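Commentary on secondary and tertiary structure
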There are 2 protein chains.
Amino acid sequence: MSDFSGAARGGLSKSELEAVLRRVGEERYHNRHPFHHRMTRGALSRTEIQAWAVNRYCYQAVIPRKDAMILAHAEDPEFRAAWRKRIEDHDGEDGLSGGIARWLHLATSLGLNAEAVKSERLALPATRFVVGAYLSFCTNRTLLEAVASSLTEMFSPLIIHERVTAMLAKYDYITEDTLAYFTPRSQQASRDANFALAYVLVHADTAERQQQAIDALVFKCDILWAMLDALVHAYSEPGNIPPGAFRPESVQ
Amino acid sequence: MSDFSGAARGGLSKSELEAVLRRVGEERYHNRHPFHHRMTRGALSRTEIQAWAVNRYCYQAVIPRKDAMILAHAEDPEFRAAWRKRIEDHDGEDGLSGGIARWLHLATSLGLNAEAVKSERLALPATRFVVGAYLSFCTNRTLLEAVASSLTEMFSPLIIHERVTAMLAKYDYITEDTLAYFTPRSQQASRDANFALAYVLVHADTAERQQQAIDALVFKCDILWAMLDALVHAYSEPGNIPPGAFRPESVQ
C-alpha cells in the first residue's frame, strides 16, 4: 500500500502524473473492497443487496448536485457545456428518465418501495455523512480538486463489468432489466473520465497542484471505500444496524 | 426503538419537549453502543484504545470551530458571551492548555506521537467525514438546530463517569493523569447543557421548530454512534483497517 502524500514532490511530467493517478486507483478503488468481492462471488444476502441499493441511492442522488457545484465554479463555457452532460445523464430530459430514475428502478426491482428509497430515511447515517463530505469537497475545494475527485470514473468500467456479470450469474432474482442503470454507464464514464483526465493533466501544472489532484483522487477513493465499510459493518450482524436504518422487514 | 420523526406533531409543552429530548438520549446516545460496553467491561485491546484516542481527537479538534460557527450565527451578545466559554474551555488561555491539549495528553500517555495525532492523518476517513458532517450542520442549519445538536451534553456526565471509572479499574496502563481531560468535563457539560436546553425550550416555539430541535439531537446522536461504528468495523479484524489509517505499529 503506497503513501501518496509526497507523490508529486519536485513535479511530475504529464505521463508520470497520469501513472500516479492510475496507481491510486489500482491500490484504493473499491473494486478491492471485501464487499465487492462478496458481491461477485455471489455471497451477499438479498438483504445486503437491498441495503446496498438503498444506500447507494444517496450517492447517485447527490451526483448532479456536486456536478452543478462544479459548473458553478467553472468560468469557461466550453468546460461547462461538456460537464453539463453529466447532469443530463443523471437527471434525464425531464428529471424522471436519467441515471437516478434507473437506480430507483434497480431498487424497486429488488422489492423496495420507491418513495422510501427516495426519502433516504432508511439509509445509514454514515452513508449520508460520507455523501455529504463529497458534496462539501466539491463546494469548498478548487475546481481542479473537484474535477480530479471525479477521476474514479477511470476505473468504473472495470467494476461495472465485474458487477453486472456476477450479479446476473449468481443472483437468480436479478435480471438485465434490474441492472439497466449500468447499460449506458461504462460509455458515459469513459467519455467523462477522458475529459476530466485531460483537464487535470493540463491544469495540474505545479508540483503543489499535482499533489492536490492526487490527494483529491485518494479522498474520493476513501469516500467510496467508507460507504462499503459502513454497509459491511451494519449488515454483517443483525445487532449492528443503527437505529432507523433499513432492515429486511422495513420496506417490501 | 422510537421513530422521532413525528414527535412534535401538533406542538408540545416545554416539559413535553424536554421529555422527548431526554428520550432521544436514552435510546440513541452512544453509551448504548457496543464499543462503550466493551470499554467499560475492560475488553478493548490497547490498539483499540489508541485508535479511539486518535479518532476522537478529530472530534475534539472541531468542537471550537463548530462553536465559533454558532457564535457567528448568534445576534444576541448575552448568548455569545455565554457560548464563548465553550471555546475557552477547549482552546484554553493560550491555545495549549484547554480540552484539546488535554486530549492530546491522553493520546501521548497512551504512547502515541502528538504530531501524528494532531495531523489527523492516521484517523479513519470515515471519522473525518462524520466530523465534517457535524461542522457542516452547524454551518448550514439554523441557530436553534445547531444549539439543539449540542444537547448530547445532557447525557455526557453519565458516560464520562462510566468511562473514567472503568478505564481506571480495568486497564492497568491508564492512570488519573491519562484521563485528566475528563476531570472538568462533567461540570462544564452540565453548565453548557443547562444553558442550551433553556435556549431550545424557549426558541422551539412552534411544532415545526420543536421537530427541528428533536431531529437535530437525533442527528447528533447518529454522529457519535457512526464514529464508534467506524472504529469497531476497522479494528475488530486486522484486515478491515482502511488504507493509511492507524495501525498498532504505525505510531509509538
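Please read all numbers here as calculations on a predicted model, not as lab measurements.

What chain A contains, in helices and strands, is eleven helices and zero strands. Tracing chain A from N to C terminus, the helices and strands come up as α-α-α-α-α-α-α-α-α-α-α. Computed over its C-alpha atoms, the radius of gyration of chain A comes to 18 Å, within 12% of the 18 Å expected for a compact globule of 252 residues. In terms of its C-alpha atoms, chain A occupies a principal-axis envelope of roughly 55 × 40 × 35 Å. Counting only residues that meet the buried cut, chain A has 43% of its 252 residues in that class.

Moving on to the packing of helix α3 (residues 46-73) of chain B against helix α5 (residues 99-109) of chain B. Residues and elements named next belong to chain B. At their nearest, the axes of α3 and α5 sit 10 Å apart, and the two run at 175 degrees to each other. When the axis of α3 is compared with that of α5, the two are roughly antiparallel. From α3, Ala53, Val54, Tyr57, Gln60 and Ala61 reach across to α5, where they touch Gly99, Ile100, Trp103, Leu106 and Ala107. Residues belonging to the contact of α3 with α5 are distributed by class as follows: eight nonpolar, two polar and no charged.

The figure often quoted for interface size is the accessible area lost as the parts come together. With 20 residues of chain B in contact, the opposing surface of chain A contributes 20 residues. Counting residues per element, the ones that place at least two in the side of chain B that touches chain A are α1 (14-28), α7 (125-140) and α11 (207-236) of chain B. Among the elements that make up the side of chain B that touches chain A, the one with the highest residue count is α7(B) (seven residues). A breakdown of the residues in the side of chain B that touches chain A according to their chemical character gives eleven nonpolar, four polar and five charged.

Summarising the element assignment, B:Asn140 is placed in helix α7. Distance from B:Asn140 to B:Met69, taken between C-alpha atoms, is 9.5 Å for residues 71 residues apart in sequence.

All names here are of chain A. The first and last C-alpha atoms of helix α4 (residues 77-91) sit 21 Å apart over 15 residues, in line with the 21 Å expected at 1.5 Å per residue. Buried residues of α4: Trp83, Arg86, Asp89 and His90, and no others. Taken together, the buried residues of α4 touch α3 (46-73), α5 (99-109) and α10 (185-203).

This paragraph deals with the packing of α3(A) against helix α11 (residues 207-236) of chain A. For any two helices packed against each other, one specifies the crossing angle of their axes together with the interaxial distance. Residue and element names in this part refer to chain A. Packing of α3 against α11 leaves a shortest axis separation of 11 Å and a crossing angle of 145 degrees. In the crossing of α3 with α11, the sense of the turn from one axis to the other is right-handed. Contacts from Thr47, Glu48, Ala51, Trp52, Asn55 and Tyr59 in α3 reach Met227, Leu231 and Tyr235 in α11. The class makeup of the residues in the contact of α3 with α11 is six nonpolar, two polar and one charged.

The transformation that overlays chain B on chain A combines an axial shift of 0.0 Å with a rotation of 180 degrees, and the residual RMSD is 0.0 Å. Within this description, the copies of the chain are treated as partners about a two-fold rotation axis. The residues that chain B uses at the interface reappear at the interface of chain A in 100% of cases, marking a shared surface.

All names here are of chain A. Here Asp94 is to be found in the loop between α4 and α5. The exposure class assigned to Asp94 is exposed, which follows from the 8 C-beta atoms found within 10 Å. Between the alpha carbons of Asp94 and Tyr173 there is a distance of 30 Å; along the sequence they are 79 residues apart.

Another aspect to go through is the confidence of the model for chain A. Regions with low pLDDT should not have their predicted coordinates read in detail. Residues and elements named next belong to chain A. When pLDDT is averaged across chain A, the result is 94; 98% of the residues are at 70 or more. Per-element confidence in chain A is highest for helix α8 (residues 143-149), whose mean pLDDT is 98, and lowest for α4, whose mean pLDDT is 92. Note on the complex model: pTM 0.86, ipTM 0.76.

If you check α3(B), its first and last C-alpha atoms are 41 Å apart, about what 28 residues at 1.5 Å a residue would give, namely 40 Å. Considering bend angle alone, the principal kink of α3(B) is centred on B:Ile63 and spans about 30 degrees; proline B:Pro64 follows within four residues of it.

Here we take up the environment of B:Ser150. Residue and element names in this part refer to chain B. The residue Ser150 is located in the loop between α8 (143-149) and α9 (156-170) in this model. C-beta crowding within 10 Å serves as the criterion here: with 26 such atoms nearby, Ser150 is assigned to the buried category. Leave out the neighbours within four places in its chain, and Ser150 touches Asp192 and Ala196.

Reading the values: the criteria
What you see as residue numbers is a count from 1 along each chain, following the sequence as written. The naming scheme follows written order: chains are lettered A onward, ligands numbered 1 onward. Residues qualify for local features only when their pLDDT is at least 70, as the model is predicted, and side-chain atom pairs are given and counted only at 80 or more; totals for whole chains, interfaces and linings, by contrast, use all residues. Only DSSP runs of H or I with at least four residues qualify as helices, and only runs of E with at least two residues qualify as strands; both kinds are numbered from the N terminus onward. The atom set for the radius of gyration is the C-alpha atoms, and the globule formula is 2.2 Å times the number of residues raised to the power 0.38. Neighbour density around each residue's C-beta defines its exposure: 20 or more other C-beta atoms within 10 Å make it buried, 12 or fewer make it exposed, and counts between make it partly exposed, where C-beta atoms are placed from the backbone. Only C-alpha atoms enter the line fits that serve as axes; for helices the fit covers just the stretch in contact. Angles between N-to-C directions range over 0 to 180 degrees. Reported orientations rely on four angle classes, namely roughly parallel under 35 degrees, roughly antiparallel over 145, roughly perpendicular from 65 to 115, and oblique for the rest. Two residues form a contact once the distance between their C-beta atoms, set from the backbone, is within 7 Å. The nonpolar class holds Ala, Val, Leu, Ile, Met, Phe, Trp, Tyr, Cys and Pro. Asp, Glu, Lys and Arg form the charged class, and all remaining residues, Gly among them, are polar. How far a helix is expected to stretch is found by multiplying one less than its residue total by 1.5 Å. By definition, turning the near helix anticlockwise from the far helix through less than a right angle yields a left-handed crossing, and turning it clockwise yields a right-handed one. Superposing the copies works by least squares over the C-alpha atoms of residues that have pLDDT at least 70 in both of them. Every residue gets a pLDDT, meaning the predictor's confidence in that residue, from 0 to 100. The bend reported for a residue corresponds to the angle between axes fitted to the seven residues ending at that residue and the seven starting there.

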